[in-house]
Amino acid sequence: MKNIWIIANWKSNKNIAEALEWISLVGPKLPRKDNLPAGRQGLKVVVCPTFSVIEEVKKAIQVGNFPLMVGSQDLSPFDEGAYTGEEAAAILNDLVELSILGHSERRQNFGESDEMVERKTAQAIAANIIPLVCVQGQDIPIPSECNLVAYEPIFAIGTGNPDTPENAESVAKKIKEKVGQEIEILYGGSVNSENCKKFLEQEDISGFLIGKASLDGEEFVKIIDCANSLI
Ligand code: PGA
């Protein structure tokens, strides 16, 4: 059985009120681990809000006791200290279990380099945060400590024009051949409730990083239901 990760990347969207509304809609609809038959423990759902919203989201999840992890969309490549504006992994780890690193929007808009992604990955690992490294193709370097990767071709992000499931599978296979079979590969780029099943049926695709379709709670739940029916 493979894990299936369904990860919501809210990007720079949702204030606290909107985030809490989403949690109160999605949280109660998540399949509860204690209700699942033995052997169906592999669904991992994560929400990645903006930094300023993370704490309220975390509290709402705790109050509702929802099976939902919280992640960040970035973290600092530096240790704690004199780095104005940065979110150090050693501080964030009170709040998040995972961090999205090297997203193409960060590489394009903030000059994030492969070297920076490597440093952020090391910071995440040292702070017990799972690094989810985004690669835009099979040739982008993957830090050696990383076990979770999202293949997100730029043409597919936010365009409504996803890659084909077959091509995503072929890229995932090549990444595994290069870095090892134990790495888990997610697909991201215009995933929605209509196209998700075909991707999840691919042998080497272990779930999704979802932008636009994750903002709508009802749509996000449909994708989770699809994943849950397949594991
Ligand atoms: P999208 O974004 O689902 O809106 O295409 C995916 C991502 O950027 O992670």
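To be clear, the structure that these remarks concern was listed above.
Owing to the predicted nature of the structure, the values given are computational and were not obtained by experimental measurement.

**Q** What should I look at first to understand the pattern of salt bridges in this one?
**A** Side chains bearing opposite charge may pair, as long as their charged atoms lie close to each other. Tallied over the entire structure, the rule returns 14 salt bridges. With a shortest N-O distance of 3.1 Å, aspartate 204 and lysine 176 are connected by a salt bridge. In this pair, aspartate 204 sits in the loop between helix H7 (196-200) and strand S8 (207-210) while lysine 176 sits in helix H6 (residues 165-179), placing the two residues 28 residues apart along the sequence. Residue classification places aspartate 204 among the buried positions, given a relative accessible area of 6%. Residue classification places lysine 176 among the buried positions, given a relative accessible area of 10%.

**Q** For this particular structure, what's the right way to read the nonpolar core?
**A** In globular proteins that are soluble, nonpolar side chains generally tend to be buried together. Formed by 57 residues in total, the largest nonpolar core has its most connected members in Ile6 and Phe208. The dominant element in this core, judged by the number of residues it contributes, is helix H9 (residues 217-230), at six residues. If sequence neighbours within four positions are ignored, phenylalanine 208 has contacts with Trp5, Ile6, Ile7, Leu186, Tyr187, Val191, Cys196, Phe199, Leu200 and Ile223. Counting 13 residues, the second-largest nonpolar core is a separate cluster that includes Trp5, Ile100, Leu132 and Leu209.

**Q** Mind showing me how you'd approach the sheet that holds strand S3 (residues 69-72) here?
**A** The pairing of strands in a sheet comes from backbone hydrogen bonds and takes either a parallel or an antiparallel form. Here eight strands make up a closed barrel; going around it, the order is S1-S2-S3-S4-S5-S6-S7-S8 and the pairing parallel. For this sheet, the mean angle separating the axes of adjacent strands, direction not counted, is 25°. One ladder, built from four bridges, connects strand S6 (residues 148-151) with strand S7 (residues 184-188); its direction is parallel. The residue of S7 that forms the bridge with valine 149 is isoleucine 185.

**Q** What is the right way to read the side chain of glutamate 184 from this model?
**A** Residue position: glutamate 184 is located in strand S7. For the buried glutamate 184, no salt bridge is present, and the opposite-charge side chain at shortest range is lysine 44, 6.9 Å distant. Polar contacts involving the side chain of glutamate 184 include one to the side chain of asparagine 3, which spans 3.1 Å. Side-chain polar atoms of glutamate 184 contact the side chain of tryptophan 5, separated by 3.3 Å. The contact partners of glutamate 184, leaving out residues within four places of it in the chain, are Asn3, Trp5, Asn147, Leu148, Val149 and Ser206.

**Q** It is not clear to me how the site of the ligand should be interpreted in this structure. Could you clarify?
**A** As a structural note, the neighbourhood of the ligand is formed by 13 residues, with Lys11, His103, Glu152, Gly158 and Ser190 the closest of them. One of the side-chain N or O atoms of glutamate 152 is found 2.7 Å from an oxygen atom in the ligand. The contact in question runs from an oxygen atom of the ligand to an N or O atom on the backbone of serine 190, over 2.7 Å. Within the complex, the protein chains bury 98% of what would otherwise be the 280 Å² of accessible surface of the ligand. Counting atoms within 2 Å of the grid points, the majority share of the ligand lands in the second largest pocket. Of the residues in the shell around the ligand, the class split is four nonpolar, six polar and three charged.

**Q** Just to check I follow, could you spell out the packing of helix H1 (residues 16-26) against H9 for this structure?
**A** For any two helices packed against each other, one specifies the crossing angle of their axes together with the interaxial distance. Direction vectors running N to C along H1 and H9 enclose 40°, while the axes themselves pass 9 Å from each other. Taken together, H1 and H9 sit at an angle that is classed as oblique. Crossing of H1 over H9 shows right-handed handedness. Where H1 abuts H9, its residues Trp22, Leu25 and Val26 lie against Gly217, Glu218, Phe220 and Val221. Considering only residue class, the contact of H1 with H9 consists of five nonpolar, one polar and one charged.

**Q** Got a minute to help me understand the packing of H1 against helix H2 (residues 51-64) in this structure?
**A** With their axes 10 Å apart at the nearest point, H1 and H2 run at an angle of 30° to one another. Judged on the interaxial angle alone, H2 and H1 are roughly parallel. In the crossing of H1 with H2, the sense of the turn from one axis to the other is right-handed. Facing H1, whose interface residues are Ile16, Ala19, Leu20 and Ile23, H2 presents Ser52, Val53, Glu56, Val57, Ala60 and Ile61. Of the residues contributing to the contact of H1 with H2, the split by class is eight nonpolar, one polar and one charged.

Each value, and the rule that gives it
Throughout this description, residue numbers start from 1 for each chain and increase along the sequence as written. Under the rules for a predicted model, residues below a pLDDT of 70 receive no local features and side-chain atom pairs below 80 are neither given nor counted, while totals for whole chains, interfaces and linings still include all residues. In computing side-chain values, all of the structure's heavy atoms are included and hydrogens and water are not. Salt bridges are defined by distance alone: a side-chain nitrogen of Lys or Arg within 4 Å of a carboxyl oxygen of Asp or Glu. Per the convention used, a helix needs a DSSP run of H or I reaching at least four residues, while a strand needs a run of E reaching at least two, with both numbered from the N terminus. Any residue under 20% of the maximum accessible area for its type is buried, any over 50% is exposed, and the rest in between are partly exposed; the area is computed with a 1.4 Å probe on protein chains only. By nonpolar core we mean a set of buried residues, namely Ala, Val, Leu, Ile, Met, Phe, Trp, Tyr and Cys, connected to one another through side-chain atoms within 4.5 Å. Residues count as neighbours in contact if any of their non-hydrogen atoms are within 4.5 Å of one another. When DSSP finds at least two bridges between two strands, those strands are taken to pair. Orientation is described by axes fitted as lines to C-alpha atoms, over the contacting stretch for helices, and by angles from 0 to 180 degrees between their N-to-C directions. Positive residues here are Lys and Arg, negative ones are Asp and Glu, while His and the chain termini are left out of the count. Pairs of N or O atoms are called polar contacts if they sit within 3.5 Å, as long as, within protein, a hydrogen donor faces a hydrogen acceptor (for residues adjacent in sequence, only side-chain-to-side-chain pairs). Proximity is defined per residue: if any heavy atom of the residue lies within 4 Å of a molecule or strand, that residue is considered near it. Only the protein chains shown count as cover for residues, and the accessible areas themselves come from Shrake-Rupley with a 1.4 Å probe. Space inside and on the surface of the protein is sampled on a 1 Å grid over the protein atoms alone, with a cavity defined as a set of points where a 1.4 Å probe fits but cannot get out and a pocket as an open set with protein on both sides within 12 Å along at least 5 of 7 lines; lining residues have an atom within 4 Å of a point. Placement in a cavity or pocket follows one criterion, namely that more than half of the molecule's atoms lie within 2 Å of its grid points. Gly is placed with the polar residues, together with every amino acid not listed as nonpolar (Ala, Val, Leu, Ile, Met, Phe, Trp, Tyr, Cys and Pro) or charged (Asp, Glu, Lys and Arg). An angle counts as roughly parallel when it lies under 35 degrees, as roughly antiparallel when it exceeds 145, as roughly perpendicular when it falls between 65 and 115, and as oblique in every other case. By definition, any crossing whose near helix is turned counterclockwise from its far helix by less than a right angle is left-handed, and any crossing with a clockwise turn is right-handed.

Function cannot be read off these values alone, since they describe shape.
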